[in-house]
Amino acid sequence: MTLDLSALDLYALDRDGLVELMTELGEPAYRAGQVASWLVRGVDDPMRMTDLPAALRERLAESTEGSTPELVAHHVADGGRTHKFLLRFRDGEAIETVLMRYPRRATVCISTQAGCAMGCPFCATGQAGLRRQLTAGEIVRQVVVAQQALATGRIGDVELGPAGLEGGGPDHVTNVVYMGMGEPLANLDATIASVRWLHDPEGFGLSARSITVSTVGLVPAVSRLADLGLPLTLAVSLHAATDRLRDELVPINRVHPLVELEDAVQTYRARTGRRVTIEWCLIGDVNDDVVQADALARLARRMRAHVNVIPMNPTPGVRWKEPTRERTDAFVARVEQAGATITLRDTRGRDTEAACGQLLAARTLGDGNMLPVARGAAERVDALVSGGSAT
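The paragraphs below set out a description of the structure included in this document. This is a predicted model, so every value here is computed, not measured.

**Describing the sheet that holds strand β9 (residues 175–178)**
- The strand order across the open sheet formed by 10 strands is β1-β2-β3-β4-β9-β10-β11-β12-β13-β14, and the pairing between neighbours is mixed. Each edge of the open sheet is held by one strand with a lone partner, namely β1 (70–77) and β14 (342–344). Between one strand axis and the next, the sheet turns through 20° on average, direction left out of account.
- Taken together, the three bridges between strand β11 (residues 233–237) and strand β12 (residues 277–282) define a ladder with parallel strand orientation. Bridging from a neighbouring strand, Ala235 pairs with Thr277 of β12.

Here you go:
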């Protein structure tokens, strides 16, 4: 590895990388362990790493200047239980991170890309397109921001505030879900590197079972994830259980149709011993009918997967809306009655643009706007649904 000492991010380095850095700086290898011990506590300012020599602290501070993301916006929802952070990196790119607080866990939803290339027309992030990949360090830093907020009770200059939870909830991150902006398996090397950082017993020490990685269905990458030998939870963003509708809602389906995705999921489960979850954004009058419910139930039973349903959040630039409560309840009941396990998920952050993609979308797309790719897909889906041919 060749280290760029003019624009260094310590969180982008694994243990071997930190040792290499110390060697390049003329320091003994054990300094790498000292630096790592600060990093996992959320201390990324070298000047605060008090067990390092002053000269080394100054050299590291000079090399890492600007690597800490800037907090551009912080929105609070659900009575202080949900916090959305808009973070901007040194090159000006901004991404979203969400901290969700529960009585016994604190979950961080992190992004892996600035934007997304998957082109799902109901997703505001997908409409904006892919701007660039995030580095492993930029992915990990989102967890660091949340960890610091929980530990100190502050984010930037703002109080984190009470969460209205018994006991206040955990003071550290307990779970991480790769479900923010971007497709994690389209940035696979950085995703894997960040998973190793978070799982490292001498690092953040998160259980592999407390880490969930989502995908829209990049089949070859699912196999690589299985080869890690870690019992990570795999979440498949399905959203349609027939190829005709999924081709429009999740365009990668045209490359890896449902039969390939199902086979990859079965293989992942066999290698890891972990049950896969199916994520289903329920869109009013699009994928909330009996045809999709019955097809989803059959697929979930074959995969032995658990289905998580979340009604669509109204999003700038996306004309589809959430289903009615009656349609939602009927959909969930039908899938359940067909023998599949299903949960209607908590819709966190609906009241202050804190749901995934909404904060950045509101700043970049504007209410009522729709990019041409999304408009064309919406028209094709409407034609399928109205013609009864979305099977």
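On we go.
**Notes on the pattern of salt bridges**
- For the structure shown, the criterion picks out 19 salt bridges.
- The residue Glu27 makes a salt bridge to Arg31 at a minimum N-O spacing of 3.6 Å.
- When the shortest N-O distance is used, the salt bridge between Arg88 and Glu70 registers 3.1 Å. One end of the pair, Arg88, is in strand β2 (residues 82–88); the other, Glu70, is in strand β1, and 18 residues separate them in sequence.

**Here we look at the packing of aromatic side chains**
- One pass over the structure, following the stated rule, counts three aromatic pairs.
- When the centroid spacing of 5.7 Å and the interplanar angle of 50° are considered together, the rings of Tyr11 and Trp197 count as tilted. Here the residue Tyr11 occupies a position in the segment before α1 (15–24), and Trp197 occupies one in helix α6 (residues 188–199), the gap between them amounting to 186 residues.
- Judged by relative accessible area, Tyr11 falls into the buried class, the value being 0%.
- Each member of the aromatic cluster is reached from another via a ring pair, and the members are Tyr11, Trp197 and Phe204.
- In this structure, Arg105 packs its charged tip against the face of Tyr102, placed 3.9 Å from the ring centre.

Definitions and limits used
Residues numbered from 1 in each chain as written. Predicted model: local features only at pLDDT ≥ 70, side-chain atom pairs only at ≥ 80, totals over all residues. Heavy atoms only, no water. Pairing = 2+ DSSP bridges. Helix = DSSP H or I, 4+ residues; strand = E, 2+ residues; numbered from the N terminus. Axes fitted to C-alpha atoms, helices over the stretch in contact; angles between N-to-C directions. Salt bridge = Lys/Arg side-chain N within 4 Å of Asp/Glu carboxyl O. Phe/Tyr/Trp six-rings, centres within 6.5 Å; stacked < 30°, edge-to-face > 60°. Buried < 20%, exposed > 50% of the residue type's maximum accessible area, 1.4 Å probe, protein only. Lys NZ or Arg CZ within 6 Å of the ring centre and 35° of its normal.

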